[in-house]
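Understanding the architecture of this molecule
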Amino acid sequence: MLQFYFLSVFFNLFTGFLLVNDNKQIINLDLLKERAFRIVLGAVCAITGIIKLFVVVRTSAIIVGDLIPALSGFIGGLCLIIPDTQIKLPEWFNKVFLTNKLIVGFVCLGAAFLHFVFPGALFL
């Protein structure tokens, strides 16, 4: 469905920018630092990532067809949600993803760009 394709590209792009902006301070808006905004955006991005595993763009394989944008959206959404809530995740998740939010942000931006340019490619 093209609606989830658009949502995946949009939320990966926006989440990636927000994660990169946390470290680089490109834009200084109070809205981007609000707890409720980050939790809602992270939740919607993670849910879109989960749905993208099962809803592919064209006739590509289910789950494998949009694997990279789905995983980057899910992980990017979690990186927005976790610091603002009391959710306890394994220590390896905190070490790998939360301390490297800049890298996760760039992966989300790259996945959004590649998914937009190559909508029918396998894994993208």
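Now for a look at the structure at hand. Computed from a predicted model, the values in this text were never measured in an experiment. (Residues numbered from 1 in each chain as written. Predicted model: local features only at pLDDT ≥ 70, side-chain atom pairs only at ≥ 80, totals over all residues. Heavy atoms only, no water.)

**Observations concerning the packing of helix α2 (residues 35–52) against helix α3 (residues 67–81)**
Helix packing geometry: the angle between the two helix axes and the distance between the axes. Contact pair α2 / α3: the axes reach a minimum separation of 7 Å and the direction vectors enclose 160°. By the angle between their axes, α2 is roughly antiparallel relative to α3. When the axes of α2 and α3 are compared, the crossing they make is left-handed. On the side of α2, the interface is formed by Arg38, Ile39, Leu41, Gly42, Ala43, Cys45, Ala46, Gly49, Ile50 and Lys52, while α3 contributes Ala70, Gly73, Phe74, Gly77, Leu80 and Ile81. (Axes fitted to C-alpha atoms, helices over the stretch in contact; angles between N-to-C directions. Helix = DSSP H or I, 4+ residues; strand = E, 2+ residues; numbered from the N terminus. Parallel < 35°, antiparallel > 145°, perpendicular 65-115°, else oblique. Left-handed = near helix turned anticlockwise from the far one by under 90°. Contact = heavy atoms within 4.5 Å.)

**Looking at the pattern of salt bridges**
As enumerated under the stated definition, the model contains three salt bridges in all. Between aspartate 22 and arginine 38 there is a salt bridge, with its nearest N and O atoms 2.6 Å apart. Residue aspartate 22 is found in helix α1 (residues 2–24), and its partner arginine 38 is found in helix α2; the two are separated by 16 residues along the sequence. Taking the relative accessible area as the measure of exposure, aspartate 22 reaches 24% and is therefore partly exposed. Salt bridges sharing partners connect three or more residues here, namely Asp22, Arg38 and Lys101. (Salt bridge = Lys/Arg side-chain N within 4 Å of Asp/Glu carboxyl O. Buried < 20%, exposed > 50% of the residue type's maximum accessible area, 1.4 Å probe, protein only.)

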